[in-house]
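Commentary on secondary and tertiary structure
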Amino acid sequence: MVASSSSLPQNIARCLVLALVAAALWWHAGVLLPFVLSMVLAYVLRPGVDRLIRARVPRVLAVALSLLMVFLTASVLLLLLVPIVSQLVPMIRSQLPDLLTQGWQALVPRLSALGVEVPSSIDQVKAQLVELLQTHGSEWGSALWRSAVAGGSGLFALLGYAFLVPMLAFYWLLDWDRLTQAARGLLPWRVRPALNELLDEVDSLMGQYLRGQALVMLILAVYYSVGLSLFGFKLALPIGVFTGLAVCIPYLGFGLGLLLALLAGVLQFAAAGEGVLQPLVGVAVVYGLGQVIESVALTPRLVGERIGLHPLGVILALMLFGQWLGFWGIVVALPCAACLTVIGRRLLARWRASADFLRTE
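Read on for a plain summary of the structure.

Here is what the cut-offs are and how they apply
Residues numbered from 1 in each chain as written. Predicted model: local features only at pLDDT ≥ 70, side-chain atom pairs only at ≥ 80, totals over all residues. Heavy atoms only, no water. Helix = DSSP H or I, 4+ residues; strand = E, 2+ residues; numbered from the N terminus. Buried < 20%, exposed > 50% of the residue type's maximum accessible area, 1.4 Å probe, protein only. Contact = heavy atoms within 4.5 Å. Patch = residues over 30% accessible without salt bridge, like charges linked within 9 Å, V, L, I, M, F, W, Y side chains within 5 Å. Areas by Shrake-Rupley, 256 points an atom, 1.4 Å probe, with all protein chains shown as cover. Salt bridge = Lys/Arg side-chain N within 4 Å of Asp/Glu carboxyl O. Expected span 1.5 Å × (residues − 1). Core = buried A, V, L, I, M, F, W, Y, C linked by side-chain atoms within 4.5 Å. Phe/Tyr/Trp six-rings, centres within 6.5 Å; stacked < 30°, edge-to-face > 60°. Polar contact = N/O pair within 3.5 Å; in protein donor to acceptor, adjacent residues only side chain to side chain.

1. Regarding the overall build of the protein chain
Scanning the protein chain from terminus to terminus reveals 14 helices and 0 strands. Counting every position in the protein chain, which comprises 361 residues, the buried fraction comes to 25%. Within the protein chain, contacts between residues at least 6 apart in sequence are counted, and of these 68% link residues at least 24 apart.

Here it is as structure tokens:
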């Protein structure tokens, strides 16, 4: 009883220390974010760096080559937007007003037949728009200015991360083995074997997940490029590859690719006088079937099975983490679910080997 009472203050002190550390980390989350992102990037690049080192490439050069590959991949993804933007912007300027006018003229009779009062001409729409701007223009202008200032600061922060994260990842990769050994050396001796084994299993599982995700992106990039080209889209290759690579961001990447394909197709076929039915059908077929293929076949099979998750578990993980953390929860749902799966297996195995589980009375 004495030992128990003496250990109580120690436990309280440990809890207080952990609470203070957690509060300090939360308070400095903005400062620590680039370090966390750079550590994740270093973790992803570490297998490639190790292979280059085994091929007798100096560590500094191996790290530099790995980061160069990341830079080239990001540059290719950005360059894919160049033909899309350079061709879409002039088409939008020249064709979008006429398309809106035609759509308005086709919509007005149907709305009028339903008893909805709408302006009968474009001039009335312009007059109402001018009046609306004169009435609320100052309020909207101040709101847009505040939004632009906030967006500008966010853009500068993003550019800063684009420079800082690779630089920090370079230093992580240079001393990865020494830093990880030092971190594991802080663990108590009695938990080191089990925890080291757990970390090794998580490491192996995350490698399988990353390879599966890369394979899904490659397959979808080919699929969307071929599918859009079969329907006659001139920008099939850049839009298809961009969509396939952007699916690593669930929902957002697919939605952006869908919007680009829809806009490019409507403007292209409308300029040729072929109407908008063919691009609408093409986008609906290609992207609808692509979403089914990704969600039913590719992600559950190539990603879900590699991390030991049933398709139902994949869907549940996306829904739960999305509910908890929003957009970023969806991004990290499957990796976190993979880690929790490994921990759950260990706990389940320990429970099945326990005396309470094996007790028959």
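Having seen the structure, we can now continue with the description.
2. Notes on a nonpolar patch on the surface
There is a patch of nonpolar side chains on the surface, built from Val31, Leu32, Phe35, Val36, Val40, Val44 and Leu210 and spanning about 530 Å² of accessible area. Structurally, Leu210 can be placed in helix α7 (residues 192-230). A residue is classified by how much of its surface remains accessible, and Leu210, at 30% relative accessible area, is partly exposed.

3. Looking at the pattern of salt bridges
Scanning the entire structure with this criterion turns up 5 salt bridges. Its salt-bridge partner being Asp50, residue Arg46 comes within 3.5 Å of it at the nearest N-O pair. Of this pair, Arg46 and Asp50 both sit in helix α2 (residues 29-54), 4 residues apart, which is roughly one turn of the helix. For Arg46, a relative accessible area of 16% corresponds to the buried category. One connected set of salt bridges, linked through shared partners, spans Glu197, Glu201 and Arg346.

4. Considering α7
Relative to the 57 Å expected for 39 residues at 1.5 Å per residue, α7 spans 57 Å between its end C-alpha atoms, a close match to the ideal helical length. Phi turns positive, to about 85°, at Gly232, one or two residues after α7.

5. Brief notes about the nonpolar core
Ranked by internal contacts, the top residues of the largest apolar core, which has 38 residues, are Leu88, Leu228, Ile239 and Tyr287. Sort the elements by how many residues they give to this core and α7 lands first, with 10 residues. Here Tyr287 is in contact with Tyr224, Leu228, Ile239, Thr243, Phe254, Gly257, Leu258 and Ala261, once residues within four sequence places are set aside. With 12 residues, the next largest nonpolar core counts Ala42, Val57, Ala62 and Leu67 among its residues.

6. Here we look at unusual backbone geometry
For Arg56, which is not glycine, the phi torsion reads 70° and is therefore positive. Note that Arg56 resides in the loop between α2 and α3 (59-79).

7. Some words on the packing of aromatic side chains
For any pair of aromatic rings, the description rests on two quantities: the centre-to-centre distance and the angle between the ring planes. Evaluation of the coordinates by the stated rule reveals 6 aromatic pairs. Aromatic side chains Tyr43 and Trp176 sit 6.5 Å apart centroid to centroid with 45° between the ring planes, which places their arrangement in the tilted category. With a gap of 133 residues between them, Tyr43 in helix α2 and Trp176 in helix α6 (residues 176-185) connect regions that are remote in the sequence. Given the relative accessible area of 13%, Trp176 is considered buried. Among the aromatic residues, those joined into a cluster by ring pairs are Tyr223, Tyr224, Phe254 and Tyr287.

8. Quick look at the side chain of Ser225
Along the chain, the position of Ser225 falls in helix α7. Within the structure, Ser225 has its side chain in polar contact with the backbone nitrogen of Val241 (distance 3.3 Å). For Ser225, the contacting residues outside a window of four places in its chain are Ala236, Leu237, Gly240 and Val241.

9. A look at the environment of Leu61
As for its position among the elements, Leu61 is in helix α3. Distance from Leu61 to Val49, taken between C-alpha atoms, is 9.2 Å for residues 12 residues apart in sequence.

10. Observations regarding helix α8 (residues 236-246)
For α8, the buried fraction is high: 9 of the 11 residues fall into the buried class. The set of residues buried in α8 consists of Ala236, Pro238, Ile239, Gly240, Val241, Phe242, Thr243, Gly244 and Ala246.

Treat this as a map of the structure, not an account of what it does.
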